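Residue-level structural notes
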Amino acid sequence: MSSAKIAINGTSATNGTNGTAKEMNGADLKKLKNANPPKVYIGSPQKEFNPSSNDSLDGNQSPTESGPPCCVEAYSPYNSCTYELIESVAQFLLDRVSIRPKIGIICGSGMDGTTGCLADALTDSTSFPYETIPYFPTPTVPGHMGRLVFGYLGDVPVMCMQGRFHYYEGYPLWKCAMPVRVMKLVGVTHLLASNAAGGLNDKYRVGDIMIIKDHINLLGFAGNNPLMGPNDERFGPRFPAINRAYDVNVRRMAKQVATEMDINNITHEGVYSVVGGPSFETIAEIRMLGALGVDAVGMSTVHEVITARHCGMTSFAFSLITNKSVTDYESYEEPNHEEVIDMGKQREPVLKEFITRLVKKIEDDRDE
Ligand SMILES: O=P(O)(O)O[C@@H]1C[C@H](O)[C@@H](CO)O1
């Protein structure tokens with residue numbers, strides 16, 4: 001494969017074969033960071049990040065004698081990742097890309113794979129493997145890539161998380177949702193999140209799309225919320241309202257897109273509930289969720305949407321129904337991650353088209 005060197009802010013990164021996709025590899029970016037370190041303030045009292053010291057870039061180091069470490073210990077349930085730190089991560093990205101996206105996309109399981117996925121459809125793209133972004137977590141789940149990709153979807157500038165972070169990976173909820181705040185400070189106003197989910201609603205079939213109109217935050221009921229801990233008003237209020245989390249206008253546009261694509265027969269609107277995972281649900285749990293009015297169940301999205309709403313972003317999310325939730329004690333069926341990934345891949349073209357058209361509508365609406 002041929003590769004040309006191109007200049008990004010005076011330093012070099014590798015340019016792909018077609019001249020439109022720039023992949024920053026780990027080694028290049030480590031060099032880049034050392035040459036041009038982001039100003040990152042960590043802990044309290046604030047400390048300037050020094051890439052030549054032993055400080056880790058991933059924010060996962062444990063407390064040291066000199067005081068609290070970076071943005072907090074990885075497993076703290078309380079978010080003390082400062083506004084300044086998120087700002088510095090956003091600045092790190094802004095210094096290295098020229099586009100200024102207003103729409104941020106999070107790709108769910110099966111939609112964030114290695115080839116043919118949404119992020120691959122972006123043109124003029126620059127991608128940052130997560131491990132090369134200061135303080136970013138890194139994904140551990142098979143089938144989830146770990147890249148932040150900037151580029152154009154159709155002619156709309158977007159930034160796209162190809163791979164997300166889940167609570168069951170061991171990250172606290174605030175850390176799972178930390179990239180949403182980075183998006184916010186990059187300038188994103190609209191969050192579009194997708195996920196894979198088990199279908200509880202009898203009308204849903206595997207492969208259907210459910211536009212999320214509301215959620216039940218089971219983790220929140222159990223006293224776990226991404227906004228726990230000190231609140232910085234620069235992000236948003238201490239007690240944000242969440243009852244209008246899934247924007248009615250964007251949902252209307254999504255339904256228009258479904259009509260235009262002639263996929264109304266596989267498109268629904270319903271209630272999503274988050275569980276902690278990684279174990280799938282028992283039959284009793286599924287029956288309980290059904291009785292609560294849940295249409296689909298998954299392991300993500302809710303903490304991202306709460307974080308986005310907290311900082312004033314417009315949010316929209318949808319589920320791909322990758323499996324039917326088992327409700328029958330006589331059944332031998334068992335949900336598994338492989339079928340989740342397979343269904344995501346099968347539906348990739350439809351979902352890509354769905355998101356591309358929706359993004360265009362949002363952009364046109366913003367311009368009006
Ligand atoms: O990232 P999402 O919510 O799409 O992933 C779902 C939940 C688990 O990560 C996985 C289970 O197969 O799919």
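Residues numbered from 1 in each chain as written. Predicted model: local features only at pLDDT ≥ 70, side-chain atom pairs only at ≥ 80, totals over all residues. Heavy atoms only, no water.

1. So, the overall build of the protein
The criterion, for reference: Note on conventions: DSSP H or I runs of at least 4 residues are helices, E runs of at least 2 residues are strands, and numbering of each starts at the N terminus. When a residue's accessible area, from a 1.4 Å probe over protein chains only, is under 20% of the maximum for its type it is buried; when over 50% it is exposed; and in between it is partly exposed. When checking whether two residues touch, look at their non-hydrogen atoms; a contact exists if any pair is within 4.5 Å. Residue exposure ignores everything except the shown protein chains as possible cover, and the areas themselves are Shrake-Rupley values with a 1.4 Å probe.
Helix and strand counts for the protein stand at nine helices and 14 strands. Within the span of the protein, comprising 368 residues, buried residues form 53% of the whole. Within the protein, contacts between residues at least 6 apart in sequence are counted, and of these 78% link residues at least 24 apart. For the protein, the accessible area works out to roughly 15700 Å², and carbon and sulfur atoms hold 51% of it.

2. With respect to the site of the ligand
To keep it simple, the criterion reads: Nearness is defined per residue: one heavy atom within 4 Å of the molecule or strand is enough. The definition of a polar contact used here is a pair of N or O atoms within 3.5 Å, where within protein one atom must be able to donate a hydrogen and the other to accept one, and adjacent residues in sequence count solely through side-chain atom pairs. Ten residues, namely Ala, Val, Leu, Ile, Met, Phe, Trp, Tyr, Cys and Pro, are considered nonpolar, four, namely Asp, Glu, Lys and Arg, are considered charged, and the remaining ones, Gly among them, are considered polar.
Taken together, 13 residues are adjacent to the ligand, and Ser 109, His 166, Tyr 168, Ser 300 and His 337 come closest. Residue Ala 196 places a main-chain N or O atom 2.8 Å away from an oxygen atom belonging to the ligand. Taking 340 Å² as the accessible area of the ligand by itself, protein coverage stands at 96%. Elements with a contribution of two residues or more to the shell around the ligand: β10 (190–199) and α9 (337–367). Across the shell around the ligand, the residue classes tally to five nonpolar, seven polar and one charged.

3. Details of empty space enclosed by the protein
Under the convention used in this document: Detection works on a 1 Å grid of protein atoms alone, calling trapped sets that fit a 1.4 Å probe cavities and calling open sets with protein on both sides within 12 Å along at least five of seven lines pockets, with lining residues defined by an atom within 4 Å of a point. Grid points are joined across faces, edges and corners, and a volume is the space filled by probe spheres set on the points.
Taken as a whole and assessed by the stated rule, the structure comprises one cavity of 30 Å³ or more. Counted as a void, the largest cavity has a volume near 30 Å³. Lining the largest cavity are Leu 173, Asn 217, Leu 219, Asn 224, Pro 226, Val 274, Val 302 and His 303. Per-class residue counts for the lining of the largest cavity are five nonpolar, three polar and no charged.

4. Details of unusual backbone geometry
Going from Gly 277 to Pro 278, the amide bond is cis rather than trans, its omega being 0°. Its place among the elements puts Pro 278 in the loop between β12 (267–274) and α7 (283–291). One non-glycine residue, Asp 124, lies in the positive phi region at around 50°. Here Asp 124 is to be found in strand β7 (residues 123–129). Of note, the phi angle at Tyr 135 is positive, near 70°, even though the residue is not glycine. Residue position: Tyr 135 is located in the loop between β7 and β8 (147–153).

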